[in-house]
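# Remarks on the overall topology
So you can see what is in the structure, the chains are spelled out below.
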Amino acid sequence: MRVLLSADEIQASIERLAAVIHEREGKKPLTVIAVMTGSIIFLADLIRKLEMPLRVGVIQARSYLGTERGSLTINSDMLPEVAGQDVLVVDDIFDTGHTLVEVLALLKDLGPRSIRTAVLVLKQGKQRVTLVPDYVGFEIPDVFVVGYGLDYNDAYRNLPFLAALEPQDIEAPPAS
Ligand code: IMP
Ligand code: MG
């Protein structure tokens, strides 16, 4: 695999994102909702740079089988109270955008006061939705990436950097 963003580059980007979030959100309390599982490391690093009072909750969205999109399932059993709250949804990567659109639709039904979105990376040219995330750390080309929370078949989430998978890293699908 090939390193796309080093650990230091990611940290610098999160500092910039936190500064922009402070500027826009002010000191009001935030309810940060992380889209599991890919956003765990981004969540942990981002919230430690945020100074407003905040609560953390999670929602789980699963859509990938290897490097191909499967159908999306959302588990919202572990959500905290969202009604009347200022919500910041945090996700690892904005690819087609379908995941975040569906997560937002579900959260909007719960009656938040406001809802904004932060993603660590956006894949250029892949979006199939009109939603644009409010806060974006990096834009990257259309390659499958792992590390810093992102997985390929549940592996590589613990890499401290973000790397592009190369063809030899990708298993051939089983013959049918
Ligand atoms: P979307 O619904 O197409 O925007 O995909 C969003 C979700 O798919 C992300 O939250 C990731 O969990 C996963 N995903 C998309 N691209 C990648 C990738 O390059 N590597 C690992 N996971 C990815
Ligand atoms: Mg995800």
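In this report, the structure presented in the accompanying data block is examined. (Residues numbered from 1 in each chain as written. Chains lettered and ligands numbered in written order. Predicted model: local features only at pLDDT ≥ 70, side-chain atom pairs only at ≥ 80, totals over all residues. Heavy atoms only, no water.)

## Some remarks on the overall build of the protein chain
Definition in use: Secondary structure elements follow DSSP: runs of H or I of four or more residues count as helices, runs of E of two or more count as strands, with numbering from the N terminus. Here the radius of gyration uses the C-alpha set of atoms, whereas the globule reference equals 2.2 Å times the residue count to the power 0.38. Summary of the burial criterion: residues with accessible area below 20% of their type's maximum are buried, those above 50% are exposed, and those between are partly exposed, where the area comes from a 1.4 Å probe applied to protein chains only. Note on definitions: a residue-residue contact is assigned when non-hydrogen atoms from the two residues lie within 4.5 Å. Note that accessible areas follow from Shrake-Rupley with a 1.4 Å probe, and for residues the cover is restricted to the protein chains shown. Residues scored as positive are Lys and Arg, those scored as negative are Asp and Glu, and His as well as the terminal groups of each chain are ignored. Lysine's charge is taken at NZ, arginine's at CZ, aspartate's at CG and glutamate's at CD.
In terms of helices and strands, the protein chain carries three helices and nine strands. When the elements of the protein chain are put in sequence order from the N terminus, they spell out β-α-β-α-β-β-β-α-β-β-β-β. For the protein chain, whose C-alpha radius of gyration is 16 Å, the value lies close to the compact-globule estimate of 16 Å for 176 residues. Structurally, the protein chain occupies a C-alpha span of about 50 × 35 × 25 Å along its principal axes. Buried positions account for 45% of the 176 residues belonging to the protein chain. Within the protein chain, contacts between residues at least 6 apart in sequence are counted, and of these 66% link residues at least 24 apart. Accessible area of the protein chain: about 9,000 Å², with a carbon and sulfur share of 51%. The distance from the centre of the 17 positive side-chain charges to the centre of the 24 negative ones in the protein chain is 5 Å.

## Observations regarding the side chain of Asp169
To be explicit about the condition: Put simply, a salt bridge is a Lys or Arg side-chain nitrogen that is within 4 Å of an Asp or Glu carboxyl oxygen. We define a polar contact as two N or O atoms separated by no more than 3.5 Å, with the added condition that, inside protein, one atom must be a possible hydrogen donor and the other a possible acceptor, whereas residues neighbouring each other in sequence contribute only through side-chain atom pairs.
For Asp169, the position within the fold is in the segment after strand 9 (162-164). No salt bridge forms around the buried Asp169; measuring N to O, its nearest opposite-charge neighbour Arg2 is 8.7 Å away. A polar atom in the side chain of Asp169 sits 3.3 Å from the backbone nitrogen of Met1. In contact with Asp169, not counting residues within four places along its chain, are Met1, Tyr152 and Ala164.

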